[in-house]
Amino acid sequence: MIKSKLEQIGIFNDNLNKVKPSPIHSFDEQISNVPNILKLTIGEPDFSVSQHIKDVALKSINADDSHYSVSAGKMTLRQAASYFLNDRYDLNYDAEEEIITTIGATEGLYALLASILNVDDKVLIPTPAYPVYAEMARINGGQPVFIDVSEDDFILTPDRLRKVIATEQKIKAIIITNPSNPTGVTYSEAQLKGLAEVLRETNILVIADEIYSELNYDANHVSMAAILPEQTILINGVSKSHAMTGYRIGLLAGPAGLIKKINMVHGFVIMTPSNPAMAAATEALAGVQSKNDTLVMKAAYQERRDYLVEKMTQLGFEMATPGGAFYIFAKIPDDLNQNDVAFAYDLVDKQQLAVVPGSGFGPGGESYIRISYAASIEMLKIAMDRLKNYCEDKRMSEIL
Ligand SMILES: Cc1ncc(COP(=O)(O)O)c(C=O)c1O
């Protein structure tokens, strides 16, 4: 192991002093070696990529499509993204000037934040939220401002937003995740319109992370970009909708002037996305069979969600309405240990079942757990048996 004096003298960017590792991955790493562990921790689709998508990636490799492309992504991919957004959500983005394709939604978000944040600029984050947002804001010199929305069924309301805007200075952006990770809640058109009314009066950029848009079970997904296009950058991609997390293709869509600047940062960071991955994502976004691929996965997720909601409700868990994504965010019943971190470790210890402690997702997540149902129904059945055993043992030991 090479030791360097440089880490002791503090060679790093000061912003990193404020950055914490992802609580999801830290927890997952700690419990992964427990024998017989059943993990419902990571938001990773458990489906294989469809053969017709793989075939296109292979064709790209075999055709020696092995050179640099353009940083915004191949025009065919951007056209496919434009088609996808129009076909599914009635959005109109010009492939040439209003869309860039990124290394997953993650790099898109990074390039976007790096493009807009000056020191101490604030980013509003309704919580519980995907932990990456706050840390990415901090890496880029910004400050996350958490808005606890747990009291409002995990939906940001115009009133709460108005109050935060009235008290905070230097707000640059707000991140609205719809459907939400970790809660699974979805925003209705009326709820988005209510927020848009408040935001329209400000210079705040809306970062609409809609990576789970194709997994909306109870309603048609409505995009924030349809309601406030002039002030919104839309984030999406193929990771969740097409089970292509490892292909690493995401997209940003928004007003041309904003996209142009973000593309500058994006290009310096990544040069270009990978060609086989772009080819595969083109097929995923615009191929004739792809829409059905997603519907098949969606039906399976929905079945799993319904199963979990039924079982967990029977065990006394209350939960945010899980209308989308593949997460259940459930309140630990009052008669069990309300400390979510202690609860999660104890569940691993006693029943070898891993779920993520809710407090890792920021204010409002305390005394909740997040369960990812990106796992087979057979696994979920075993998980629910284990959770049932855990709850029964705890309740019995209280009585004795
Ligand atoms: C809300 C949200 N946004 C973005 C991402 C990252 O997506 P990608 O794999 O396309 O980078 C995730 C992954 O879990 C997520 O939950």
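Residues numbered from 1 in each chain as written. Predicted model: local features only at pLDDT ≥ 70, side-chain atom pairs only at ≥ 80, totals over all residues. Heavy atoms only, no water.

An unreviewed UniProt entry lists the chain under the name Aminotransferase, with Leuconostoc litchii given as the organism. According to the UniProt record, the Cofactor (unreviewed entry) comment for the chain is "pyridoxal 5'-phosphate". We quote the UniProt Sequence similarities (unreviewed entry) comment for the chain here in full: "Belongs to the class-I pyridoxal-phosphate-dependent aminotransferase family." (UniProt positions renumbered as here; feature names shortened; annotations may be inferred.)

S.K.: For this particular structure, what's the right way to read the side chain of E107?
M.R.: Within the secondary structure, E107 sits in helix α5 (residues 104–116). Here H266 takes part through its side chain, which lies 2.8 Å from a polar atom of the side chain of E107. Once you skip the residues sitting within four places of it in the chain, E107 turns out to touch T102, H266 and I270. (Helix = DSSP H or I, 4+ residues; strand = E, 2+ residues; numbered from the N terminus. Polar contact = N/O pair within 3.5 Å; in protein donor to acceptor, adjacent residues only side chain to side chain. Contact = heavy atoms within 4.5 Å.)

S.K.: Hey, could you run me through the UniProt feature "domain: Aminotransferase class I/classII large" (unreviewed entry) in the chain in this one?
M.R.: Here, the residues flagged by UniProt with the feature "domain: Aminotransferase class I/classII large" (unreviewed entry) are residues 36–387. Secondary structure content for residues 36–387 is 42% helix and 16% strand, while the C-alpha to C-alpha distance between its ends is 15 Å.

S.K.: For this particular structure, what's the right way to read the packing of helix α2 (residues 23–31) against helix α13 (residues 340–351)?
M.R.: Packed helices, taken two at a time, are described by the angle their axes make and the gap between the axes. It is at 12 Å that the axes of α2 and α13 come closest, and there the two elements cross at 25 degrees. As summarised for this structure, α2 and α13 are arranged roughly parallel, according to the angle between their axes. In the crossing of α2 with α13, the sense of the turn from one axis to the other is right-handed. From α2, F27, Q30 and I31 reach across to α13, where they touch A344, Y345 and V348. When the residues that make up the contact of α2 with α13 are grouped by side-chain class, the tally is five nonpolar, one polar and no charged. (Axes fitted to C-alpha atoms, helices over the stretch in contact; angles between N-to-C directions. Parallel < 35°, antiparallel > 145°, perpendicular 65-115°, else oblique. Left-handed = near helix turned anticlockwise from the far one by under 90°. Nonpolar A, V, L, I, M, F, W, Y, C, P; charged D, E, K, R; others polar.)

S.K.: Please explain the domain arrangement of the chain as it appears in this structure.
M.R.: Interface size is commonly expressed as the accessible area that is lost once the parts come together. Segmenting the chain into domains produces domain 1 (5–48 + 292–394) and domain 2 (51–288). Using only C-alpha atoms to locate each centre, domain 1 and domain 2 end up separated by 24 Å. The interface is formed by 37 residues belonging to domain 1 together with 35 residues belonging to domain 2. Roughly 3,000 Å² is buried in total at the junction of domain 1 and domain 2, and carbon and sulfur atoms are behind 58% of that figure. Contact with domain 2 buries surface across domain 1, with T294, F361 and P363 losing the most and accounting together for 17% of the total. Linking domain 1 to domain 2 there are one salt bridge. One salt bridge in this structure joins D218 and R305, with 2.9 Å as the shortest N-O distance. Summed over the shared surface of domain 1 and domain 2, the number is 18 residue pairs in polar contact (both at pLDDT 80 or more). Going through the elements one at a time, α2, α12 (290–314), β10 (327–331) and β13 (368–372) are the ones with two or more residues in the side of domain 1 that touches domain 2. (Domains from an automatic or database assignment. Buried area = accessible area lost by both parts, 1.4 Å probe. Salt bridge = Lys/Arg side-chain N within 4 Å of Asp/Glu carboxyl O.)

S.K.: Help me out: how do you make sense of the sheet that holds strand β3 (residues 122–127) in this one?
M.R.: What links the strands of a sheet is backbone hydrogen bonding, and the strands pair in either a parallel or an antiparallel sense. Pairing in this open sheet of seven strands is mixed, and the strands run β2-β8-β7-β6-β5-β3-β4 from one edge to the other. With partners counted over all chains shown, the strands left at the sheet margins are β2 (99–102) and β4 (143–148), one partner each. Ignoring strand direction, the axes of neighbouring strands in this sheet form an average angle of 20 degrees. Pairing of strand β6 (residues 205–209) with strand β7 (residues 232–237) involves four bridges; the strand directions are parallel. Residue pairing in the sheet places D209 in a bridge with I235 of β7. The strands that helix α6 (residues 132–139) touches are β3, β4, β5 (171–177) and β6; relative to β4, the one it contacts most, it runs at about 155 degrees. (Pairing = 2+ DSSP bridges.)

S.K.: I'm lost on the sheet that holds β10 in this one. Help?
M.R.: With respect to topology, four strands assemble into an open sheet ordered β9-β10-β13-β12, the strand pairing being antiparallel. Every interior strand has two partners, whereas the edge strands, β9 (318–319) and β12 (356–357), have only one. When β9 meets β10, the two strands line up antiparallel, connected through two bridges. Within β10, the residue paired with M319 across the bridge is A330. Relative to the sheet, α12 contacts β9, β10 and β13, its axis offset from that of β10 by approximately 10 degrees.

S.K.: Just checking my understanding: could you explain the site of the ligand for this structure?
M.R.: Neighbouring the ligand are 13 residues, the closest being T106, D209, Y212, S239 and K240. Contacts to the ligand include D209, whose side-chain N or O atom sits 2.6 Å from a nitrogen atom. Protein contacts shield 92% of the accessible area of the ligand, which totals 400 Å² for the unbound molecule. With three residues, α5 is the single largest residue contributor to the shell around the ligand. Class assignment of the residues belonging to the shell around the ligand gives a composition of five nonpolar, five polar and three charged. (Near = heavy atom within 4 Å. Areas by Shrake-Rupley, 256 points an atom, 1.4 Å probe, with all protein chains shown as cover.)

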